[in-house]
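Chain by chain, the residues:
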Amino acid sequence: MAGLAVNVDHVATLRRARENVSYPDPVYAAVLAELAGADGIVVHLREDRRHIQDNDVKILRNIIQTKLILEMAATSEMVEIALGIKPDVVTLVPEKRSELTTEGGLNLLVNANAVSESVATLQNAGIPVSIFIDPEPEQIKLAHKINAAMVEIHTGSFVEAKTKKQQEKVLSDIRSCAMLANKLKMTVNAGHGLCYQSIKAFKGIAEISEFSIGHSIIARAVMVGMERAVKDMIALIKDL
Ligand code: PXP
């Protein structure tokens with residue numbers, strides 16, 4: 001069965017909606033997600049600190065019992081922070097200041113050198129690195145070439161596909177990229193934009209070790225609570 005890593009960034013986004021309040025706390029959400037059975041907690045420390053703050057990551061490092069996954073850009077500032085925090089996994093993502101959320105995978109065709117340097121520094125310090133990439137064989141091969149331990153396949157284009165035919169094409173690309181990455185001995189994760197409906201399409205893609213899901217879980221948690229929202233998603237993943 002694939003695992004579930006719960007991204008709690010959106011709890012911090014809600015905290016940020018008001019000046020000078022300390023609630024809701026993404027740390028509380030992370031603890032509740034773990035208690036409900038999540039296999040890991042994800043936070044994205046963005047360059048502009050728009051939601052998760054440095055202090056959140058420090059506290060999470062001390063209390064998370066499963067796995068702390070730090071999403072970040074491949075910049076020297078972030079690499080230094082990761083070396084200090086020592087998360088269990090770093091996921092390297094592209095970052096643009098103007099975007100609402102991560103808009104696509106890292107393009108290793110143009111960024112391989114900078115990314116490769118970050119991968120080497122982090123992995124030499126004992127932190128396995130996952131690279132968030134689009135479902136394209138070239139990207140998978142480049143991730144392997146720069147020795148990344150893992151890839152996270154971007155599922156956004158599947159979720160956003162407008163027609164059934166488009167969806168099937170993207171899903172087939174995701175499936176073949178997962179198989180290729182697996183063959184190259186990289187751990188395969190997947191995520192972005194997945195919800196309680198779209199997750200069902202991943203049935204039978206056994207190469208995916210873990211799904212990274214945030215927005216849909218936090219949105220459901222607002223209605224039914226964190227524990228139920230996480231358990232509902234775990235039950236769907238169990239069925240895949
Ligand atoms: N994976 C990566 C690399 C991401 O950047 C995000 C969003 O922060 C997610 C997964 C989770 O996406 P969503 O919040 O849409 O579930």
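The written sequence of each chain sets the order in which its residues are numbered from 1. Given that the model is predicted, a residue must reach a pLDDT of at least 70 before its local features are reported, and side-chain atom pairs must reach 80 or more before they are shown or counted; all residues, however, enter totals for whole chains, interfaces and linings. The side-chain values count all of the structure's non-hydrogen atoms but skip hydrogen atoms and water molecules.

The chain is annotated in an unreviewed UniProt entry as Pyridoxine 5'-phosphate synthase of uncultured Desulfobacterium sp. UniProt positions are given in the numbering used here, feature names are shortened, and annotations may be inferred rather than shown by experiment. Regarding the chain, the UniProt comment filed under Subcellular location (unreviewed entry) reads as follows: "Cytoplasm". Listed in UniProt under the heading Subunit (unreviewed entry), the comment for the chain reads: "Homooctamer; tetramer of dimers."

Trainee: Is there a simple way to think about the packing of helix H4 (residues 76-85) against helix H5 (residues 108-124) in this case?
Mentor: Convention adopted: a line fitted to C-alpha atoms gives each axis, helices being fitted over their contacting stretch, and angles between N-to-C directions are expressed from 0 to 180 degrees. Numbering goes from the N terminus for both helices and strands, where a helix is a DSSP run of H or I of at least four residues and a strand is a run of E of at least two. The geometry of H4 relative to H5 is characterised by a closest axis approach of 10 Å and an angle of 10° between their N-to-C directions. Relative to H5, the element H4 lies roughly parallel. For the pair H4 and H5, the crossing hand works out as right-handed. On the side of H4, the interface is formed by Val79, Ala82 and Leu83, while H5 contributes Ser118, Thr121 and Leu122. Residues are grouped as follows: nonpolar covers Ala, Val, Leu, Ile, Met, Phe, Trp, Tyr, Cys and Pro; charged covers Asp, Glu, Lys and Arg; every other residue, Gly included, is treated as polar. Looking at side-chain class alone, the contact of H4 with H5 contains four nonpolar, two polar and no charged residues. The scheme is simple: roughly parallel for angles under 35 degrees, roughly antiparallel for over 145, roughly perpendicular for 65 to 115, oblique for anything else. In this scheme the crossing of two helices becomes right-handed for a clockwise turn of the near helix relative to the far one and left-handed for an anticlockwise turn of less than a right angle. Any two residues having at least one pair of non-hydrogen atoms within 4.5 Å are treated as being in contact.

Trainee: Would you take a moment to explain the nonpolar core for this structure?
Mentor: Generally speaking, a soluble globular protein has its nonpolar side chains buried in company with each other. Throughout this description, the term nonpolar core refers to a set of buried Ala, Val, Leu, Ile, Met, Phe, Trp, Tyr and Cys residues connected via side-chain atoms within 4.5 Å. Three exposure classes are used, based on accessible area relative to the maximum for each residue type with a 1.4 Å probe and protein chains only: buried under 20%, partly exposed in between, and exposed over 50%. Ile131, Phe211, Ile217 and Val230 are the most contacted members of the largest nonpolar core, which totals 72 residues. Residue contacts for phenylalanine 211: discarding those within four places in its chain leaves Ala2, Gly3, Leu4, Ala5, Ala190, Leu194, Ile199, Phe202, Ile237 and Leu240. Counting residues in each nonpolar core, the second largest holds five residues, with Ala5, Val42, Val89 and Met150 among its members.

Trainee: So what exactly am I meant to see when it comes to the environment of threonine 155 here?
Mentor: Here threonine 155 is to be found in the loop between strand E6 (150-154) and helix H7 (156-160). In the structure, threonine 155 is positioned 22 residues away from isoleucine 133 in sequence and 9.3 Å away in space, judged by C-alpha atoms. Ignoring sequence-local partners within four residues, the contact set of threonine 155 consists of Ile174, Ala190, Gly191, His192, Leu194 and Phe202. What qualifies as a polar contact is a pair of N or O atoms within 3.5 Å, subject to a donor-acceptor requirement within protein and to the restriction that residues adjacent in sequence count only when both atoms come from side chains. A polar side-chain atom of threonine 155 sits 2.9 Å from the main-chain carbonyl oxygen of glycine 191.

Trainee: Looking at this structure, I do not really get a nonpolar patch on the surface. What am I missing?
Mentor: Patch definition: residues with relative accessible area over 30% and no salt bridge; like charges joined within 9 Å; nonpolar side chains (Val, Leu, Ile, Met, Phe, Trp, Tyr) joined within 5 Å. Calculation of accessible area relied on Shrake-Rupley with a 1.4 Å probe; when residues are assessed, cover is drawn exclusively from the protein chains displayed. For salt bridges, the criterion is a side-chain nitrogen of Lys or Arg within 4 Å of an Asp or Glu carboxyl oxygen. The grouping of Val31, Leu32, Leu35, Ile59 and Ile63 at the surface amounts to a nonpolar patch, some 410 Å² of accessible area in total. No other element matches the three residues that helix H2 (residues 26-35) contributes to the nonpolar patch.

Trainee: Even after reading the chapter, I still don't get helix H10 (residues 226-238), so can you show me in this structure?
Mentor: For the α-helix, the turn length of 3.6 residues means that residues three or four positions removed from each other point alike. When the terminal C-alpha atoms of H10 are compared, their 18 Å separation across 13 residues agrees well with the 18 Å that a helix rising 1.5 Å per residue should span. For H10, the full list of buried residues reads Met226, Ala229, Val230, Met233, Ile234 and Ile237. The arc that holds every buried residue of H10, seen down its axis, measures 130°, which confines them to one face. Elements in contact with the buried residues of H10: strand E1 (3-7), H2, strand E8 (208-213) and helix H9 (215-224). Every helix has an expected span of 1.5 Å times one less than the residues it contains. Arc, as used here, means the arc of the directions from the helix axis to the C-beta atoms.

Trainee: Would you explain H2 in this entry?
Mentor: Buried residues of H2: Pro26, Val27, Ala29, Ala30, Ala33 and Glu34, and no others. Projected onto a plane normal to the axis of H2, the buried residues spread over an arc of 160° and lie on a single side. For H2, the exposed residues set more than 90 degrees away from the buried face come down to Tyr28 and Leu35. Among the structural elements, E1, helix H1 (9-16), strand E2 (40-44), helix H3 (54-63) and H10 are those in contact with the buried residues of H2. Regarding H2, its N-cap is aspartate 25, as a side-chain oxygen of that residue lies 2.8 Å from the backbone nitrogen of valine 27 further along. Just downstream of H2, glycine 37 is the residue with a positive phi angle, here 115°.

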